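Tertiary structure, described
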Amino acid sequence: MKLLLRFVFLFAVAQTSFANSIDCQAEYTKRLQTDLNLSYKEFDQTEGKGMRALAYAGCAKEAADLIVAYIKKNDAKQSSLFWHVAQQRASDGENAEAIRYARQSLAKEEDLSKRPLRWNDYVLATIAFLEKDKEKFLQHRENVAQGKDLHFGNAMNLKLLDGLLKNFDKNYKQATMQE
């Protein structure tokens with residue numbers, strides 16, 4: 001989870017610092033030639049590689065496009081890939097596509113007695129944010145809050161959701177960059 005927290009922080013910093021410092025399309029084209037052959041861990045979970053290189057550089061659209069290409073080429077099924085497409089599409093203002101991919105990241109069966117991470121509530125709260133449905137957002141946020149002491153991921157996700165709540169009138173990119 002430390003890696004996820006670092007990703008969220010670096011993603012926000014990258015959005016403001018580096019968005020104009022590289023040619024996103026050229027970097028995407030280059031990475032299409034090399035990164036689709038990386039292992040899932042290298043592509044999705046390793047700093048400076050795969051989609052993270054584009055995301056950190058502020059190239060949300062290209063990062064999402066690279067993940068989609070990776071999913072197709074590798075017939076990848078990992079939910080984190082779909083979630084990262086959702087995040088990048090939302091950061092690029094493509095809420096309908098973000099919601100479509102976020103729904104694909106939902107756990108089919110979520111047994112909170114075995115693994116108390118309230119992933120589906122976190123995802124559904126984020127979808128509600130994108131749809132600007134505050135009532136649904138608050139419902140799912142509350143479910144995550146109820147589990148904050150049961151799994152460290154719930155506490156982390158609650159902080160992210162509270163940032164969205166504080167900035168509910170903003171778009172996803174703006175809301176995730178605010179404190």
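Here, the structure is the one placed above.
Residues numbered from 1 in each chain as written. Predicted model: local features only at pLDDT ≥ 70, side-chain atom pairs only at ≥ 80, totals over all residues. Heavy atoms only, no water.

1. With respect to unusual backbone geometry
Located in the positive-phi region is Asp-75, a residue other than glycine, with phi close to 45°. Asp-75 sits in the exposed class, given a relative accessible area of 52%. A positive phi angle, near 60°, is found at Lys-132, a position not held by glycine. Looking at the secondary structure, you find Lys-132 in the loop between α8 (119–131) and α9 (134–146). A relative accessible area of 38% places Lys-132 in the partly exposed class. (Buried < 20%, exposed > 50% of the residue type's maximum accessible area, 1.4 Å probe, protein only. Helix = DSSP H or I, 4+ residues; strand = E, 2+ residues; numbered from the N terminus.)

2. Some words on the side chain of Arg-141
Positionally, Arg-141 belongs in helix α9. Look at Arg-141 and you get buried, because its relative accessible area is 17%. Setting aside chain neighbours within four positions, we find Arg-141 in contact with Ala-125, Leu-158, Leu-161, Asp-162 and Leu-165. (Contact = heavy atoms within 4.5 Å.)

3. Re the side chain of Asn-157
With respect to the helices and strands, the residue Asn-157 is situated in helix α10 (residues 152–166). Residues in contact with Asn-157, not counting those within four places in the same chain, are Leu-117, Trp-119, Tyr-122 and Val-144.

4. Examining the environment of Lys-72
Structurally, Lys-72 is set in helix α5 (residues 60–74). Taking the C-alpha atoms as reference, Lys-72 lies 9.5 Å from Leu-36; in sequence the two are 36 residues apart.

5. Side note on the pattern of salt bridges
As enumerated under the stated definition, the model contains 12 salt bridges in all. Residue Lys-30 is joined to Glu-27 by a salt bridge in which the shortest nitrogen-to-oxygen separation is 3.6 Å. With a gap of 3 residues between them, Lys-30 and Glu-27 both fall in helix α2 (residues 24–34), about one helical turn apart. Assessed through its relative accessible area of 48%, Lys-30 is described here as partly exposed. (Salt bridge = Lys/Arg side-chain N within 4 Å of Asp/Glu carboxyl O.)

6. Re the state of the cysteines
This structure, assessed with the given rule, holds 1 disulfide. Here Cys-24 is linked by a disulfide to Cys-59, with a sulfur-sulfur distance of 2.0 Å. One quick way to see it: the torsion about the S-S bond of Cys-24 and Cys-59 is about -75°, and its sign makes the bridge left-handed. Pair noted here: Cys-24 is in helix α2 and Cys-59 is in the loop between α4 (50–56) and α5, with a separation of 35 residues, a long-range link. (Disulfide = S-S within 2.5 Å.)

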